[in-house]
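Observations on the model geometry
Listed below are the residues making up each chain.
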Amino acid sequence: MKTLKLIPIFLAVASVSALAKNNMLYGDVQVTNVAPTNDFIWERANQNTPKYPIELARSGIKGCAVLSFNISESGKTENIEIVNSVPKKDLGKYSRKMLQQWKWVPAKTDTEGVAEKRTVRLDFCMGGESTEQSQSACKQQAQLACS
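The notes below deal with the structure included here. (Residues numbered from 1 in each chain as written. Predicted model: local features only at pLDDT ≥ 70, side-chain atom pairs only at ≥ 80, totals over all residues. Heavy atoms only, no water.)

**Brief notes about the pairing of strand E3 (residues 63–71)**
The element E3 is largely enclosed, with a buried count of eight among its nine residues. Summarising the sheet, E3 and strand E4 (residues 77–86) pair through seven bridges and their orientation is antiparallel. Bridged to Ile-71 within E4 is Thr-77. Hairpin remark: E3 followed by E4, antiparallel, with five residues in the connecting loop; positive phi at Gly-75, about 90°. (Buried < 20%, exposed > 50% of the residue type's maximum accessible area, 1.4 Å probe, protein only. Helix = DSSP H or I, 4+ residues; strand = E, 2+ residues; numbered from the N terminus. Pairing = 2+ DSSP bridges.)

**A few points about the sheet that holds strand E6 (residues 116–126)**
Taken together, the four strands give an open sheet; going across it, the order is E1-E6-E3-E4, and neighbouring strands pair in antiparallel fashion. At either end of the open sheet lies a strand with only one pairing partner, and these are strand E1 (27–33) and E4. Here the average twist between neighbouring strands, direction ignored, is 25°. Its contacts with the sheet place helix H3 (residues 88–101) against E1, E3, E4 and E6, and it is angled at close to 155° to E4. Of the strands in this sheet, E1, E3 and E6 touch helix H4 (residues 131–141), which is tilted by about 130° from E6. (Axes fitted to C-alpha atoms, helices over the stretch in contact; angles between N-to-C directions. Contact = heavy atoms within 4.5 Å.)

Okay, structure coming up:
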C-alpha cells in the first residue's frame, strides 16, 4: 500500500528532472588578444577557458567586453580599464573581476621582470544544446564589433 502512494511522487520527481534537463543552457567565454603578436612577454598561467559567471548565466546575460591592463614585473594584473562592454554594467564588472584573478608566467625564460600592456576581448556566449554549439557561437560572435 505504501508503495502505491510513492509512485505518484516518483513520477513527479522524474518529470521535473526531465524538464530541467531540457532547459539546460551552455555557456562559453572566449578570450581574444586585441592586436595579437608573437612577442608577448607574459602568458596566462591557466590556459583553461574562464568560467562563465553564474550570476550572468542565471540572468541570461551574454555579450562582450574589451579590457586594457598592465601585467606587472611580477606577473600580476594591474590597472584594468574597461574599453568597451556590451551590456555595459554587467559584463564590464564581471570581466574586471576575472582579470584581477589571472596569474601570468613569462612566455620566455629571458623575459621575467618586464612589464607589459595588453588588451583582450572577452566574449560571453550562451545557448545551444551542447558545449560545442556554445563554443561555435562564441567564435562567430568574436568576429563582430564589440560596440
